[in-house]
Amino acid sequence: MINSDDFREAMQRFAGPVTAITTIENGIPSGLMATAVCSLSADPPSLIACINKTASAHDTILRQGFFGVSVLPDTLKAFADHFARAKGADRFEGALWIMQTTGAPLLAGSSVAFDCRIAQVHDGYSHSILIGIIHDILLPNENADKCLLWHRKGFVSVATQAHETKNVAGS
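Scoring rules and cut-offs
Residues numbered from 1 in each chain as written. Predicted model: local features only at pLDDT ≥ 70, side-chain atom pairs only at ≥ 80, totals over all residues. Heavy atoms only, no water. Phe/Tyr/Trp six-rings, centres within 6.5 Å; stacked < 30°, edge-to-face > 60°. Buried < 20%, exposed > 50% of the residue type's maximum accessible area, 1.4 Å probe, protein only. Lys NZ or Arg CZ within 6 Å of the ring centre and 35° of its normal. Salt bridge = Lys/Arg side-chain N within 4 Å of Asp/Glu carboxyl O. Patch = residues over 30% accessible without salt bridge, like charges linked within 9 Å, V, L, I, M, F, W, Y side chains within 5 Å. Areas by Shrake-Rupley, 256 points an atom, 1.4 Å probe, with all protein chains shown as cover. Helix = DSSP H or I, 4+ residues; strand = E, 2+ residues; numbered from the N terminus.

Draft legend 1. Fine view of the packing of aromatic side chains. Applying the stated criterion across every chain, the model contains 6 aromatic pairs. Relative to Phe 155, the ring of Trp 150 lies with its centre 5.1 Å away and its plane at 75 degrees, an arrangement referred to as edge-to-face. A relative accessible area of 16% means that Phe 155 is categorised as buried. What links up through ring pairs into an aromatic cluster is the set Phe 79, Phe 83, Phe 92 and Trp 97. Looking at Arg 91, its charged tip hangs above the ring of Phe 83, at a distance of 5.8 Å from the centre.

Below, the structure written as C-alpha cells:
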C-alpha cells in the first residue's frame, strides 16, 4: 500500500488548471482555489468539482447549493497568489466579479467561467465531490488561449504555439 507522502509527491507532478470556486451567502462572497475540476457530461452540461471538507468555503458552498468555477489565465498569476493567500471576502478584492444565473461570483478576466447548481454531492474521503449542472458559461475572447496551471507546488503557464495551415498545391 502506498503512503500519503508518496501520493502527494505523485500528484504534484500532475498539472491541473487553477480555478477559483466561488459562491455568495448573505451578500458575502466565499471561495477557494482548486485544481480538481473536470467536465462530466454534455447532456446535461455538467462538471465535477472536488472540494476539501476542511476548506473555509466548503460548508457555505454546500449550504447555498450553487457555485462558480472560474479558470484563471496566466495573466492573472498575481491575483491567483492573492486569492490563494487571502482569507474570506478579502480574496475577492482587486478583481471584477460578474454574477450570472445563480448569483455565484465569476471572475471577469477568466479564460472561461461556469455558473453551476449542485445536482449531487458524494463523499470523497477528505473531499466532497460536487456534481454541478452548468446554467451559464462566460466565454470571453480575451485570455481564451491562456491557462494558469498548478504544478510542483507552484503556478506555471501553458506554452502555446500558433500552428499555421499551409495550402500545398496538389494536396
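Draft legend 2. Inspection of the pattern of salt bridges at higher detail. Counting across every chain of the model gives 6 salt bridges. Glu 9 is the salt-bridge partner of Arg 13, the closest N and O atoms lying 2.9 Å from each other. You can call Glu 9 partly exposed: its relative accessible area is 29%. Taken together, the shared-partner salt bridges connect Glu 9, Arg 13 and Arg 152 into one network.

Draft legend 3. Representation of a nonpolar patch on the surface in the model. A grouping of Ile 2, Phe 7, Met 11 and Phe 14 is seen on the molecular surface, where their side chains present a nonpolar patch of about 460 Å² in accessible area. Mapped onto the elements, Phe 14 comes out in the loop between α1 (4-12) and β1 (16-17).

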